[in-house]
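# Inside the fold
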Amino acid sequence: MKNVLSKMDKPLLFFTILYSILGLIMILSASSVSAVLRYNVSTYYFFIRQLLFVLFSFFIGFIILKFPTSKYKYFTPFLVLGILAALVGLFVYGKISNGAQSWYRIGFFNLQPTEFSKSILIIYMAVFYDRIIKRKNTNLYNYLIPISVAIVMFLLICMQPDFGGAVILAGIAFLIFMILPIEKNNLAKLLKFLGIAIIVGGIVFINSGNDFFNSTQLSRFKFKEPCKRYKEDTGYQVCNGFIAMHNGGLFGTGLGNSTQKYLYLPEAHTDFIFAIIVEELGLIFGILLIIGYIYILYRILKIAKKAYTLRGAILAYGTFALILMHLLINFLGILAVIPLTGVPVPLLSYGGSFTINIIVMLFVVQRVAIENNIAKSKLEMSLK
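Residues numbered from 1 in each chain as written. Predicted model: local features only at pLDDT ≥ 70, side-chain atom pairs only at ≥ 80, totals over all residues. Heavy atoms only, no water.

## With respect to helix α13 (residues 310–334)
Counted only if it meets this: Working definition: helices are DSSP H or I runs of at least four residues, strands are E runs of at least two. Numbering for both runs from the N terminus. To estimate the expected span of a helix, subtract one from its residue number and multiply by 1.5 Å. In this scheme, a residue with accessible area under 20% of its type's maximum is buried, one over 50% is exposed, and one in between is partly exposed, where area comes from a 1.4 Å probe on protein chains only.
Along its 25 residues, α13 runs 36 Å from first to last C-alpha, staying within 8% of the 36 Å computed at 1.5 Å per residue. The buried fraction of α13 amounts to 22 of the 25 residues, a majority that puts the element mostly inside the structure.

Dropping the structure here:
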């Protein structure tokens, strides 16, 4: 294990641990009031659960470090079939919460297949495209197979409905597709195909009228000037997020001193964790936090660019896309730049399925970094 650890990306590991610890601290602070007053449980309820999720994720992560990415091909088909079955099964066995049928209740744990579909799609696309490029089997239709799987996942997630999760999944598939080494002729044909698909989808959307979205989803499109709609569901949460960030000023009210977590923000420890962080620790700390995320993304991008295989590059680029999409949709949503879709913040927000997926994918990226260093060492030895 010592040899494996020496080949890891140390700055990325440091920031993964740092943000996980910060997330635990802020979840304890943000959830302490709602845990007692809203859920009638211990003050430490969400903190303890998140601590278990983080420890479990790191345990799985360190196992992943010793598992070569070349072996992923043996279990990827089962993962894809399993996640498709899980997404379909939600319509029969899924638990409804906040208007979406997105969870399975398994003991004390709520399993959310949507979160696992994002990481499984990344692994599937990495394995599939790496194989066809190595075999030089670059038939146009081969490129469309993973995209077709992504479309099926997208539609199943939309039907829950979980529009935020569906958008992130589509963004991951698109960004991965954009980095593929595609021949010019095939690229032109694929762009035509995608163009036609978008036009057809647009026609279906227009003709469907308001039936495409339910009333809860339609209300989220009223996102501008939320404080003018404070007494309405469409403005209440975001406006209280504004109030929280305004209360914090430059240096914050102090850790644990948030007023908005007193049930003004019903999702203070999940979707609005960043607003609570700014309220308690200040705008300057919030900016530093964003800079830290930019550095995490930079480290992942650096690993992707150094990858010796397309598989490794896609695994890293896909994780980059996963984190970037979550950050953009959450931050822009709580700032009322785009509709609020209930997307958590990587490593900071509470959530079992979400936390496990983010941390595990960061360790997958670390495995790519290890393989990069191994390949580099072998190349240097061969040149001596």
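## Remarks on the pairing of strand β2 (residues 100–106)
How we decide: Strand pairing requires that DSSP identify at least two bridges connecting the strands.
As paired elements, strand β1 (residues 95–97) and β2 share 3 bridges and run antiparallel to each other. Each bridged residue has a counterpart across the sheet, and for Ile-96 the counterpart in β2 is Gln-101. With 3 bridges joining them, β2 and strand β3 (residues 109–111) adopt antiparallel strand pairing. Across the sheet, Tyr-104 pairs through a bridge with Leu-111, a residue of β3. From the end of β2 to the start of β3, which pair antiparallel, there are 2 residues, and Gly-107 there has a positive phi angle of about 65°.

## Thoughts on a nonpolar patch on the surface
Let me state the cut-off plainly: Excluding any residue in a salt bridge, patches collect residues exceeding 30% relative accessible area, merging like charges within 9 Å and nonpolar Val, Leu, Ile, Met, Phe, Trp and Tyr side chains within 5 Å. Methods summary: accessible areas were calculated by the Shrake-Rupley approach with a probe of 1.4 Å, and residue burial reflects only the protein chains presented. Salt bridge, as used here: a side-chain nitrogen of Lys or Arg that lies within 4 Å of a carboxyl oxygen of Asp or Glu.
A cluster of nonpolar side chains, Val-88, Phe-91, Val-92, Tyr-93, Ile-151, Leu-155 and Met-159, forms an exposed patch at the surface whose accessible area comes to about 740 Å². The element contributing the most residues to the nonpolar patch is helix α4 (residues 76–93), with 4 residues.

## Considering the side chain of Asn-372
Test applied: In this description, contact between two residues means that some pair of their heavy atoms is separated by no more than 4.5 Å.
Structurally, the position occupied by Asn-372 is in helix α14 (residues 352–383). Taking relative accessible area as the criterion, Asn-372 reaches 8% and is therefore assigned buried. For Asn-372, the contacting residues outside a window of four places in its chain are Ile-303, Lys-306, Ala-307 and Tyr-308.

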